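# Structural features, examined
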Amino acid sequence: MMKTLRLDNEQAENAFRAIADDYTVVAPKRCAGRGRFSDTDLTTYETVESLGEIEFSAKTYFSAKSVLLPIREVMFSFNRGEAEEVRTSMPPTIVFLRACDIHALAVLDAMFLEHGGREDCYYARRRENMICFLLECPGPFDECFCVSMGTSRTKDYAVFIRPEAEGYAAEIMDDRFERYFPFGDRAHVAPRFSEEDPIPVALPRHVEASLFADASWKEYSQRCIACGRCNTSCPTCTCFTVQDIPAADDRDSPTRQRIWSSCQVKDFSLLAGNHDFRLAHGDKMRYRVLHKITDFAKTFGLPMCVGCGRCDIVCPEYISMRKCIETINTICRRGAEVG
Ligand code: SF4
Ligand code: SF4
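Here the residue index of a chain counts from 1 through its sequence in written order. Starting at A for chains and at 1 for ligands, labels are handed out in the order in which the entities are written. Since the coordinates come from a predicted model, pLDDT governs what is reported: local features require at least 70, and pairs of side-chain atoms require 80 or more to be given and counted, while whole-chain, interface and lining totals use all residues.

## Overview of the domain arrangement of the protein
Interfaces are often described in size by the accessible area the parts lose on coming together. Bear in mind that the domain bounds are from an automatic or database domain assignment. According to the domain assignment, the protein consists of domain 1 (1–68 + 77–196) and domain 2 (201–339). We call two residues in contact if the C-beta atoms placed from their backbones are at most 7 Å apart. With 25 residues of domain 1 at the interface, the matching set in domain 2 holds 26 residues. Each helix is a run of H or I in the DSSP string that is no shorter than four residues. Each strand is a run of E no shorter than two, and both are numbered from the N terminus. Elements supplying a minimum of two residues to the side of domain 1 that touches domain 2: strand 4 (72–79), helix 2 (99–114) and helix 4 (146–149). When residues of the side of domain 1 that touches domain 2 are assigned to their parent elements, the largest contribution, nine residues, is made by helix 2. Classifying every residue of the side of domain 1 that touches domain 2 gives 15 nonpolar, six polar and four charged. Residue polarity follows a fixed list, in which Ala, Val, Leu, Ile, Met, Phe, Trp, Tyr, Cys and Pro are nonpolar, Asp, Glu, Lys and Arg are charged, and the others, Gly among them, are polar.

## Some remarks on helix 1 (residues 9–22)
Expected span of a helix: the number of residues minus one, times 1.5 Å. If you check helix 1, its first and last C-alpha atoms are 20 Å apart, about what 14 residues at 1.5 Å a residue would give, namely 20 Å. Burial in helix 1 covers these residues: Ala12, Ala15 and Phe16. Down the axis of helix 1, the buried set is contained in an arc of 95°. They therefore lie on one face. Facing away from the buried side of helix 1 by over 90 degrees, the exposed positions are Glu10 and Asp21. Buried residues along helix 1 sit in contact with strand 1 (3–7) and strand 9 (168–172). Burial is judged by counting other C-beta atoms within 10 Å of a residue's own C-beta: 20 or more means buried, 12 or fewer means exposed, and anything between counts as partly exposed, with every C-beta placed from the backbone. This arc corresponds to the set of directions leading from the helix axis out to the C-beta atoms.

## As for helix 2
If you check helix 2, its first and last C-alpha atoms are 22 Å apart, about what 16 residues at 1.5 Å a residue would give, namely 22 Å. Bending of helix 2 peaks at approximately 25° at the position of Leu108. Considered for burial, the residues of helix 2 that qualify are Ala99, Cys100, Asp101, Ile102, His103, Ala104, Leu105, Val107, Leu108, Met111 and Phe112. Those residues of helix 2 that are buried are in contact with strand 6 (93–97), helix 3 (121–127), strand 7 (130–134) and helix 4. At the exit of helix 2 stands Gly116, carrying a positive phi of roughly 75°. In this scheme, the bend at a residue equals the angle between the axes fitted to the seven residues that finish there and the seven that begin there.

What follows is the structure, given as structure tokens:
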């Protein structure tokens, strides 16, 4: 049964420390001097051991997807030609996520638990040990369009905790966590969700064939430097490459590893016979954006983009997903009028 409380700082820290004794807790943390420049900080997902370490109000440039999908993961080891599966495991782990990032999990689940009718065992083992705690947004961040994407609200979390002027407010939705909160005053507590995007976005209802040859993509070819940051920051990008990496001290015993990749980077779409059908950076952009807003939905019934706006923030060329969607809308409208 749901329980809602107000706790003073000490009560909240005691509850948190008891939870952290039983679970690994991953949450946004401000890391001094790790930002883009030496005198700037980085807010990023890290393991935390106290509530005071959590950065509740800033946005993370990178999502928490590496908890479920490590940047580099060993799948098999080979011992003189004999393959042996490496059984990965993850201790029970709590991750503090905003509503859009909780929705992003549905996309990852579709990719790794449903796609092709088979579960990805590496992902599945981690996913069953992951629990979401909700982070409230202090208001929409400038680049957000989660309301437009229908991902600004959620009920899919175990516990919600909000820092207040004096202490914390907590909503415990999952009975397993009630025992960690034996103290505190009963109070009405409910998370506040974003109601409006700074700039709303509408997805195209129909993609016109004229879109593919439109000159706008040439402009993106000139601007995009194919760095792949838009993919690595995205909570729903899942592409990886598979490589056999020799052991440093024994070249006959390599490991097979999957490593994050990106549809924007060189050679991602290179096929056997040296055929690469998406060479121009603008063509790669078109593929990425359409996959995010229309193509994935044709298979799984939900758009891949959750409107978190991270790709806009991290792009060194200031290329905006939101503006790209607007461009697609304009091209499609123009095409429909001509047609
Ligand atoms: S806004 Fe960008 S980073 Fe966020 S889900 Fe959409 S494509 Fe990914
Ligand atoms: S982050 Fe920007 S420059 Fe880098 S690949 Fe993505 S769109 Fe291109």
